[in-house]
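Architecture at a glance
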Amino acid sequence: MKRRAMIATGTFVSALVLAGCQQEAKAPEPVRPVLSMVVEQSRTDGIVAVGVVEPRYKTNLAFRVLGRLTGRPVSVGDLVSEGQTVGVIDSTALELAVRSAKAELTKAEALLATATATEQRQRTLITTDATTKQTLDNAEQARAGAAASVAHAQANLFKAIEQRGYAQLKVDFAGVVTAVGAEVGQVVSPGQNVVTVANPDIREAVVDIGEDFPVPLEIDLPFTVGLQLLPDVQVEGKVREIAPQADPATRLRRVRITLNNPPESFRLGTTVTAKLGKEQSPTLRVPASAVLAKDGANFVWVVDQRESTVSLHKVDLAGDPADARVAGGLAPGARIVTAGIHSLTPGQHVRIKKDQ
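Only a predicted model underlies this, so the values are computations on that prediction, with no experimental measurement involved.

Right, let's get into the overall build of the chain. A tally of helices and strands in the chain yields three helices and 23 strands. Here the chain, with 356 residues, has 33% of them falling under the buried criterion. Across the chain, contacts joining residues at least 24 apart in sequence account for 72% of those joining residues at least 6 apart. When the accessible surface of the chain is split by element, carbon and sulfur atoms take 53% of a total near 21,700 Å².

Pasting the structure below:
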C-alpha cells in the first residue's frame, strides 16, 4: 500500500510539473509599445520660401598686378558701360618697365646691325680668300645671336606694355555696381576684389529650402514668385540650379529660380516669396526611419488599429531613397511604425505609444 501511495504521489507531481510547463508555453506575448504616425498627403498650397532677387551674371573685378589704388570713379548703384574704367592704380613702376624694355630693344637692334655688317664684310672677303671660313661662321653665329636678342627684347617690350595696361581696371559688359572692395589709397594685391558689377537684365530669385519640402527638388520645377511687400505682383519661374549639398549650419539648400520676364519692381536685392506652381499634386511621404530595406525591396510596418497588430507591407519609393517619397503600395490614412522596425514580427501585438 505504501509503495502504491508513493507511485501515485509521483504521478501527481509529474502531472503538475507538465501542466505548469504547458501554461508557461502558452503565456501570452507581451504587448510592445511603438512609435507610429498616420500617413497623410502633404499639401503644397501653403508652402512658401523666402529669398531675394539676384543677378544671374555678376563679376568681381580685380587688378592683375600689385599697386596702390589712385582712382575709383564708381560707387555702389552706379551704371557702367562696356569698356568703362572703374579703377586705376599707380603706374609709375609699370611706365619705367616699358622704358627699360624699349632701351633694351634699341641696344639689341644696334648689336644686330653691327653683327649683320660684320657678316657682310666677311662674305665679301671670303670671295678673295682674305679671311677664313671659320671667321665667316663666327660672324654668322654672332648675327643669329643678335637677331635672337632682338626678338627677346621685343617680347619683353610687348609684355611691359601689356602690364602697363593692367593699371586700369575696365568692365567687360554693361551693368550696375553692386559692391566695392577697396578704397582710394589702399594697396591692392593681384586678384583682390575692387568692384563687383552685375548684369541687371537677367534676374533670378535665390531661396533656401529645407529637407521637409513637400515635393522633391528638381530642375525646371515651376514656382510662382511674388514681392513680399506687394504680394499681388507675381511672375512665373522655374528652378535653374540646386545646391548639391545643404548648408552645414542651417541645413538648407540654396535654389536659384529663373524669372520669366520680371517687371522693373523686381529690383536687385528685393525680398520675394516663392510658392510651388498650382499644377503640383500632393505627395505621400514617410520618414526614412520607417522604411525597412530587405531583399532589394522597401517595406513598412502597418498597424491594424482594430486588432492592434502589425503587418509588413511592400512600398515603392520614388526619387532619392533618403527622401522616402511613396509612389505606390501605401494608402493615405494608414498608420505605420516609425521606430524599432527591425525587431518586429508579423502579427505581433503592439500598443500605440505616441504619434511622431
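Turning our eyes to something else, we now look at helix α3 (residues 133-165). Side chains of residues three or four places apart in an α-helix project in the same direction, reflecting 3.6 residues per turn. A rise of 1.5 Å per residue sets the reference length of α3, with its 33 residues, at 48 Å; its end C-alpha atoms lie 49 Å apart and thus fit the reference within 8%. Buried residues of α3: Leu136, Ala139, Ala146, Val150, Ala153, Leu157 and Ala160, and no others. Against the buried residues of α3 lie α2 (92-126).

By the bridge criterion, two bridges tie strand β6 (residues 79-80) to strand β9 (residues 175-180) in an arrangement that is antiparallel. From the neighbouring strand, leucine 79 faces β9, where its bridge partner is valine 176. Across four bridges, β9 lies against strand β11 (residues 193-198) in antiparallel orientation. Across the sheet, valine 177 pairs through a bridge with valine 197, a residue of β11.

So, about the sheet that holds strand β13 (residues 222-227). A barrel is described by the order of its strands in space; here six strands give the closed sequence β3-β12-β15-β14-β13-β16, paired in antiparallel fashion. Shown here is a sheet whose adjacent strand axes are inclined to one another by a mean of 40°, direction ignored. One ladder, built from five bridges, connects β13 with strand β16 (residues 271-276); its direction is antiparallel. Within β16, the residue paired with leucine 227 across the bridge is valine 272.

What follows covers the confidence of the model for the chain. Looking at the chain, pLDDT values average 83 and 85% of them are 70 or higher. Long-range and interchain partners of residues 4-9, a stretch whose pLDDT sits below 50, account for zero contacts in this model, where long-range means more than four residues apart.

Now for the environment of serine 308. Assignment of secondary structure puts serine 308 in the loop between β19 (297-304) and β20 (309-318). Distance from serine 308 to valine 31, taken between C-alpha atoms, is 9.2 Å for residues 277 residues apart in sequence.

Criteria and thresholds
- Residues numbered from 1 in each chain as written.
- Predicted model: local features only at pLDDT ≥ 70, side-chain atom pairs only at ≥ 80, totals over all residues.
- Heavy atoms only, no water.
- Helix = DSSP H or I, 4+ residues; strand = E, 2+ residues; numbered from the N terminus.
- Buried < 20%, exposed > 50% of the residue type's maximum accessible area, 1.4 Å probe, protein only.
- Contact = heavy atoms within 4.5 Å.
- Areas by Shrake-Rupley, 256 points an atom, 1.4 Å probe, with all protein chains shown as cover.
- Expected span 1.5 Å × (residues − 1).
- Pairing = 2+ DSSP bridges.
- Axes fitted to C-alpha atoms, helices over the stretch in contact; angles between N-to-C directions.
- pLDDT = per-residue confidence, 0-100.

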